[in-house]
Amino acid sequence: MKNQKGIVFLVFLISLFLLSCKKDGLKDSDQIIYEKVDSLLSVMSTEEKVGQMLNLGFPALLQGDFYSMRDTLIFDTSKVNLLLVKYGAGCIQNLGNFPLTPQEWRYYIGYIQDIVQEKTRLKIPVIYGIDAVHGANYTAGSVMFPHQINLAATFEPEWAYEVAEVTAYEVKASTTFWNYSPVLDVARHPLWGRMYETFGEDTYVVQEMGRAMIAGMQGNNPSAQNKILACGKHFLGYGASYSGKDRSPVILPEAIIRQIHLPPFQKAIDEGLLSIMLAAGTLNGVPSHADHWLITQLLKEELSFKGVVLGDWGEIDNLYAVHKVASDEREAVKISVLAGIDMCMEPYDESFAVHLIDLVNDGEVPESRVNDAVRRILYLKYKSGVFEDPMLKDYDYPDFASEESHVLSLQVARESITLLKNEKETLPISEDLKVLVTGVSSNSLNYLNGGWSRTWSGEDTSYNDTEKLTILKAIQKEIGLSKVFFSQGTDNTEEVDIEEAVNKATHADVIIACIGEKPAAEKPSDIEELDLPDAQISLIKELAKTGKPIVLVMVQGRPRIIREIEPLVDAVLMTYLPGNEGGRAITDVLYGNFNPCGKLPYTYPRFSGSLWTYDHTLSDERDIHFKLNGFTPQYEFGFGLSYTKFEYSEPKISADTLQVHKDLTVEVQISNTGSKAGREVVLLFISDEVASISPSVKQLRKFKKIELPAGHTQTVSFTIDIHDLMFVNGDNEWVAEPGYYTVSVGDKEIRFYLDKD
Ligand code: BGC
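Structure report, in brief. (Residues numbered from 1 in each chain as written. Predicted model: local features only at pLDDT ≥ 70, side-chain atom pairs only at ≥ 80, totals over all residues. Heavy atoms only, no water.)

Next up on the list: the packing of helix 6 (residues 157-172) against helix 7 (residues 203-217). Packed helices, taken two at a time, are described by the angle between their axes plus the distance between the axes. It is the contact of helix 6 with helix 7, at a shortest axis distance of 7 Å, that shows an interaxial angle of 35°. The handedness of the crossing between helix 6 and helix 7 comes out as right-handed. Where helix 6 abuts helix 7, its residues P157, A160, Y161, A164, E165 and A168 lie against E208, M209, R211, A212, M213, A215, G216 and M217. Of the residues in the contact of helix 6 with helix 7, the class split is 10 nonpolar, one polar and three charged. (Axes fitted to C-alpha atoms, helices over the stretch in contact; angles between N-to-C directions. Helix = DSSP H or I, 4+ residues; strand = E, 2+ residues; numbered from the N terminus. Left-handed = near helix turned anticlockwise from the far one by under 90°. Contact = heavy atoms within 4.5 Å. Nonpolar A, V, L, I, M, F, W, Y, C, P; charged D, E, K, R; others polar.)

See the structure below:
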């Protein structure tokens, strides 16, 4: 016994020693970087410093106008000399109109780095940035994964980690060190066209998935071969515009900003996130790019963010052109830099630098502010490894687009697909049956991939990976050509030739109707209403008249209203934007090769005018005078069926009172009572029964995914502590108030009490 204690004590001492070495090691390496940064900064001229703050689009260096196409991809030496040499731009980014192979990226970025080495005094390497938001989507031949919304539907952070790691590897194989990903916006409005780029409507899901993605993409050493710098975006509240339109005003009380929108960024900063991009638009009337409170007080001071704050595309110009808080470009630059922006994405030319140099020379922007920005930028560059090896000559990338990575993409796509309805066991479909495959998304890789796919908008078919299978091709491969009828319809992708589809349906046993949204990115993804285009609704209505069973396959970036057609179909699959393996994944689910397990990461509305999130308040839901129940979504957040059946036991709780400094365990038994093995996402919600601010009806606090063979039971346990009961009160402070709380897991509930002390 005595000996054992001695051993324990020795282990304790060794651990303390190792821990202190590790801490010192980290501190040392950071200190060394800051010493290098400060010594470089001390010899930089104002012009050289300001140059580092300039983030330009790649086309600014090319012949032709900014948006010219591939055949004009030739450097313009006068632009190169002006922007890279005279103004010393610190960052070049993106391309957007077509993908380049890794070799082409290497060539073009190599040219840029060579110019910097040969022609600039301090030879500070440029850092190249890209929007690789579902795989290295701008690199030809890379693996295009499902979008973030699909990752959210898997409720499996491990997939976010792995997808991010492969993305980082393939981006780095393209000689690029910085990725403008992940999106940490909490998507509170289903009309928002960038919903698919997010992890959905719930703060906790966004936070957990974002954390995993940053760990996979950047880890704690972004200079490693398979890591790159991540950039969390868009700070803050971008997913909550009141109109649902992109880049439009957000009005939010501070308590909601802190409770709903801030935690994913806070968590990401704790994970070591080194750069954050601002939101385009205004928050409570103040454009983010002019908001000193947001950037300097909240982000840099309160959250202690030491990384780079990057402006979004053209948003400084927008301060005078759109938001009207500056009278000209010079004033816009002044306001934004004083608000705390470190790097400015005015992508077209050198004008930001011209104005900022002038403002510093005139004493209107203190040099100390510029020093702060450049110190952050140089730190970022040192951390990325671009100083040591800008062309990554010490690495090669044999696993680019490896079979394993394609399989990962397929698996994530499968696990994201969410079965929303399955009557009369329509699914899985027997391979003996004849099917009609129809609808706008039935034979399109572009629909499966959505925006940011080889091109910015994702619409251009010229860069598709033609070896990949559309839904139609995958079904043909699965059951043979002779059993598949097809009617895509007219060339107009928003319409199908309904008559032809109905005629062909008469020869089929089952109709697979693939509806959806054409690919779009950012502002062009704005729509006027959530309803599906009329042509798609009419198609389903006419097909229903044939009396054949219909499987509705939805390929769409946000939930489009299906109220009228849902009762006409027998099964519904939500596939979101499942990427290049989407056709195979959907087919695997349709034919039962894979048992669906995705869950909705947002509330699926029934009506365009009733757009509540699941964590609304009771007063949103029910009018006590008229007894109206207003919360009647088509499907609830977290909903998703399986080909097997899971039953939940009554939850058990370790104590009926939670003490402030202790925790509680909630245990529930889940049984697979069906006949197939399956995966189940177990969601734990907590409701605060009475609070000083009207509480939300429930809040997701934990989730776990399990896999169960048929006939098996598993106990799942969750630990709850005081943090899981907290909310932001009227004084904008996080609190947990004493009183009763209800925990719900599956269809079961249990109550407990939070003690005062
Ligand atoms: C988008 C960002 C993107 C940036 C660079 C902006 O318009 O809002 O998400 O990272 O462009 O392409």
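Picking up where we left off.
Counting 209 residues, the largest nonpolar core has F58 and L590 as the members making the most contacts within it. If near-sequence neighbours (up to four positions away) are discounted, F58 is found in contact with L73, F75, I92, Q93, N94, L95, Y108, I112 and Y128. Core analysis: the next-biggest nonpolar cluster, separate from the first, contains 25 residues, F646, F718, L725 and L754 among them. (Core = buried A, V, L, I, M, F, W, Y, C linked by side-chain atoms within 4.5 Å. Buried < 20%, exposed > 50% of the residue type's maximum accessible area, 1.4 Å probe, protein only.)

Tracing the backbone through its elements, the reader meets K233 in strand 5 (residues 232-235). Residue class for K233 comes out buried when judged on its relative accessible area of 1%. Looking at K233, its side chain comes within polar contact range of the side chain of D131, at 3.0 Å. (Polar contact = N/O pair within 3.5 Å; in protein donor to acceptor, adjacent residues only side chain to side chain.)

Going through the model one piece at a time under the given rule, you end up with 30 aromatic pairs. Taken together, a centroid distance of 5.6 Å and an interplanar angle of 70° make the contact between Y204 and F703 edge-to-face. Of this pair, Y204 sits in helix 7 while F703 sits in strand 23 (residues 699-708); the two residues are 499 residues apart in sequence, bridging distant segments of the chain. Residues Y576 and Y602 carry aromatic rings whose centres are separated by 6.3 Å and whose planes lie at 75° to one another, so their mutual orientation is edge-to-face. Here the residue Y576 occupies a position in the loop between strand 15 (571-574) and helix 20 (582-590), and Y602 occupies one in the loop between helix 20 and helix 21 (618-621), the gap between them amounting to 26 residues. Here Y602 falls in the buried class, since its relative accessible area comes to 0%. Three or more aromatic residues joined by ring pairs make a cluster, and in this case those are F58, F75, W105, Y107, Y108, Y111 and Y128. The ring of W452 carries K233 above its face, with NZ or CZ at 5.7 Å from the centroid. Here the guanidinium or amino end of R751 rests over the ring plane of Y740, the centre of that ring lying 4.1 Å away. (Phe/Tyr/Trp six-rings, centres within 6.5 Å; stacked < 30°, edge-to-face > 60°. Lys NZ or Arg CZ within 6 Å of the ring centre and 35° of its normal.)

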